[in-house]
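Inside the fold
Spelled out from the first residue to the last, the chains are:
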There are 2 protein chains.
Amino acid sequence: MYTVSTRRPLNRDRVIQAAVAYADARGLDELTMRGLAAELGVVPMALYKHVADKYDLVGGMIDAVVASYRTPTETGWQARLRERVLNARERVSWHPWLRSAIESRDAPTATVLGYQNAVAGELIESGLAVDLVHHALHALGHRLWGFSPEAFRGAAAAPSVAEQATQLAERLPYVVAIAVDAGSRTRSGACDDDAEFAFTLDLLLDAFARLHERGWESGPRLSG
Amino acid sequence: MYTVSTRRPLNRDRVIQAAVAYADARGLDELTMRGLAAELGVVPMALYKHVADKYDLVGGMIDAVVASYRTPTETGWQARLRERVLNARERVSWHPWLRSAIESRDAPTATVLGYQNAVAGELIESGLAVDLVHHALHALGHRLWGFSPEAFRGAAAAPSVAEQATQLAERLPYVVAIAVDAGSRTRSGACDDDAEFAFTLDLLLDAFARLHERGWESGPRLSG
DNA sequence: ACCTGAACACCGTTCAAGT
DNA sequence: ACCTGAACACCGTTCAAGT
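In short, a report on the structure. All of these numbers come straight from a predicted model, not from anything done at the bench. (Residues numbered from 1 in each chain as written. Chains lettered and ligands numbered in written order. Predicted model: local features only at pLDDT ≥ 70, side-chain atom pairs only at ≥ 80, totals over all residues. Heavy atoms only, no water.)

1. Details of the packing of helix 1 (residues 12-26) of chain B against helix 3 (residues 54-66) of chain B
Residue and element names in this part refer to chain B. At a closest axis distance of 9 Å, the pairing of helix 1 and helix 3 adopts a crossing angle of 80 degrees. It follows that helix 1 is roughly perpendicular to helix 3 by the angle criterion. On helix 3, the residues that touch Arg12, Val15, Ile16, Gln17, Ala19, Val20 and Ala23 of helix 1 are Asp56, Leu57, Gly60, Met61 and Ala64. Here the residues of the contact of helix 1 with helix 3 are counted per class, giving 8 nonpolar, 2 polar and 2 charged. (Axes fitted to C-alpha atoms, helices over the stretch in contact; angles between N-to-C directions. Helix = DSSP H or I, 4+ residues; strand = E, 2+ residues; numbered from the N terminus. Parallel < 35°, antiparallel > 145°, perpendicular 65-115°, else oblique. Contact = heavy atoms within 4.5 Å. Nonpolar A, V, L, I, M, F, W, Y, C, P; charged D, E, K, R; others polar.)

Here it is, written out as structure tokens:
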């Protein structure tokens, strides 16, 4: 008899890639330490040498996917933003579990925060004021990100970023700029959710009013 | 000795109200049939006489909250839509578990579908074309609903509605109108997600371009 | 009609032990 | 250094039995 599976030793990357494939095939709810272990031909406890716990495993899955997002190749903020949104949409369609995985966390992973910074950078570098960029990102919501920035459970991402601003400013300049700007408007140093919400709502109502006036049949086209 | 808790017999409503209070206090993840039973001073299996299973319990919780949404009192589609959005936001803040509860389902509950119909009605009755209303609802996304209409797992809500259109048309005229209109544009009779996405993206990019041009400092104000 | 007790098939995770 | 076995404290849910 031959040994069919040449048991390469497990490592963090193999565990995470297997978990991604598992969730792609059966969904996040079906992803279980025991099931994943069985898939890898190993006893459940073997996974815990490579992954702290299930929360850590899911974090690794998120980072693996988000780190693979493409950097836009076009020039011009609209074209680049468009590329990013469509790319994010594509990734979410490949990994339908991604959105709820990201939203299940208390705070964004470092990789997700880096992505948020890159997107903010596109708009800030285009010359848009920092507070407007902040609003714009909320308005794009989960269409941009493939998830909802408001959805983090702790909702404390912005203040915690603001606290460590000096250390983070170099690595995540745009995210820090937004957090600091938003914090300067409130006593607590946190993002003013109500003001932010009101802005987005008005922005959308205004856009609908324009649709109404013009009787557009197929919507505004910016490119092509 | 007195009997301290006058054990009123359980009923569906008491079970659901207790579950809502439980989730409000500890979150949806902590809501467990066993824990809820303990809270009610009853053995876990007693709950199953009033609720088919946990899925049914959560459905009941959703319906209880959404059924309590206020009908707007203002006149004019913008003011009414605004009222609805702010009311939905308020409810989600009271019941932080609501959004993920709704999104965890394969399809909207009847009560949620009725709410969607009411909101669609505001815009359709304002004179906006049905396909534009469809787009507008997607653009409002979870800010309007307190959840994301795209997020239903089956994503098959629209086609299934279209199939039963004749029976449903009376009860849910606006939702049916949107489903039928969207279905008429595609072979499958399903909503054309890509076209819908492109429209929303363009709408938002256009709104940002206007912000850019005008250098708005505090956003557009429509009311007050 | 309504509630109970014991059981089944699952979870994530620990600890001490194997190689 | 890496994997295992047995166990612990949980889940949702079934079935047959109690009152």
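2. A closer look at helix 4 (residues 77-94) of chain B
The periodicity of an α-helix, 3.6 residues per turn, causes residues three or four positions apart to be oriented the same way. For helix 4 of chain B, which comprises 18 residues, the first-to-last C-alpha distance of 26 Å matches the rise-based estimate of 26 Å (1.5 Å per residue) to within 8%. Along helix 4 of chain B, the positions that sit buried rather than exposed are B:Trp77, B:Leu81, B:Arg82, B:Arg84, B:Val85, B:Asn87, B:Ala88 and B:Arg91. (Expected span 1.5 Å × (residues − 1). Buried < 20%, exposed > 50% of the residue type's maximum accessible area, 1.4 Å probe, protein only.)

3. Comments concerning the side chain of B:Arg91
Residue and element names in this part refer to chain B. Counting through the fold element by element, arginine 91 comes out in helix 4. With a relative accessible area of 7%, arginine 91 lands in the buried category. Within the structure, arginine 91 has its side chain in polar contact with the side chain of serine 68 (distance 2.7 Å). With near-sequence residues (within four places) excluded, arginine 91 lies in contact with Ser68, Tyr69 and Arg70. (Polar contact = N/O pair within 3.5 Å; in protein donor to acceptor, adjacent residues only side chain to side chain.)

4. Some thoughts on a nonpolar patch on the surface
The grouping of A:Val43, A:Met45 and A:Tyr48 at the surface amounts to a nonpolar patch, some 310 Å² of accessible area in total. Looking at the element boundaries, A:Met45 is found in the loop between helix 2 (33-39) and helix 3 (54-66). (Patch = residues over 30% accessible without salt bridge, like charges linked within 9 Å, V, L, I, M, F, W, Y side chains within 5 Å. Areas by Shrake-Rupley, 256 points an atom, 1.4 Å probe, with all protein chains shown as cover. Salt bridge = Lys/Arg side-chain N within 4 Å of Asp/Glu carboxyl O.)

5. Topic: the packing of aromatic side chains
Residues and elements named next belong to chain A. All told, the structure shown has 2 aromatic pairs over all chains when counted by the stated rule. When the ring of tyrosine 69 is compared with that of tyrosine 115, the centres are 4.9 Å apart and the planes differ by 85 degrees; the resulting orientation is edge-to-face. Of this pair, tyrosine 69 sits in the loop between helix 3 and helix 4 (77-94) while tyrosine 115 is found in helix 6 (residues 110-125), placing the two residues 46 residues apart along the sequence. When sorted by exposure, tyrosine 69 lands in the same class as tyrosine 115, which is buried. Sitting over the face of the ring of tyrosine 55, arginine 105 holds its NZ or CZ atom 3.8 Å from the ring centroid. (Phe/Tyr/Trp six-rings, centres within 6.5 Å; stacked < 30°, edge-to-face > 60°. Lys NZ or Arg CZ within 6 Å of the ring centre and 35° of its normal.)

6. Description of the protein's contact with DNA strand D
Among the 16 residues in the neighbourhood of DNA strand D, the closest are listed as A:His50, B:Thr32, B:Arg34, B:Met45 and B:Tyr48. Here DNA strand D approaches the protein such that, of its atoms within 4 Å, sugar and phosphate make up 43%. At a separation of 3.5 Å, a phosphate oxygen of DNA strand D approaches a polar backbone atom of A:Leu10. Take B:Met33: an N or O atom from its main chain is 3.1 Å from a phosphate oxygen of DNA strand D. (Near = heavy atom within 4 Å.)

7. Considerations on the protein's contact with DNA strand C
Around DNA strand C, the surrounding shell holds 16 residues, and the nearest of these are A:Thr32, A:Arg34, A:Met45, A:Tyr48 and B:His50. In DNA strand C, atoms within 4 Å of the protein come 43% from sugar and phosphate. Contacts to DNA strand C include A:Met33, whose backbone N or O atom sits 3.1 Å from a phosphate oxygen. A class-by-class count of the residues in the surface near DNA strand C yields 8 nonpolar, 2 polar and 6 charged.

8. Remarks on the environment of A:Asp29
Residue and element names in this part refer to chain A. When you line up the elements, aspartate 29 lands in the loop between helix 1 (12-26) and helix 2. By relative accessible area, which is 56% here, aspartate 29 ends up exposed. Distance from aspartate 29 to aspartate 56, taken between C-alpha atoms, is 16 Å for residues 27 residues apart in sequence.

9. Comments concerning the environment of B:Leu28
Relative to the assigned elements, B:Leu28 resides in the loop between helix 1 and helix 2 (33-39). Taking the C-alpha atoms as reference points, B:Leu28 and B:Leu98, 70 residues apart in sequence, are found 8.6 Å from one another.

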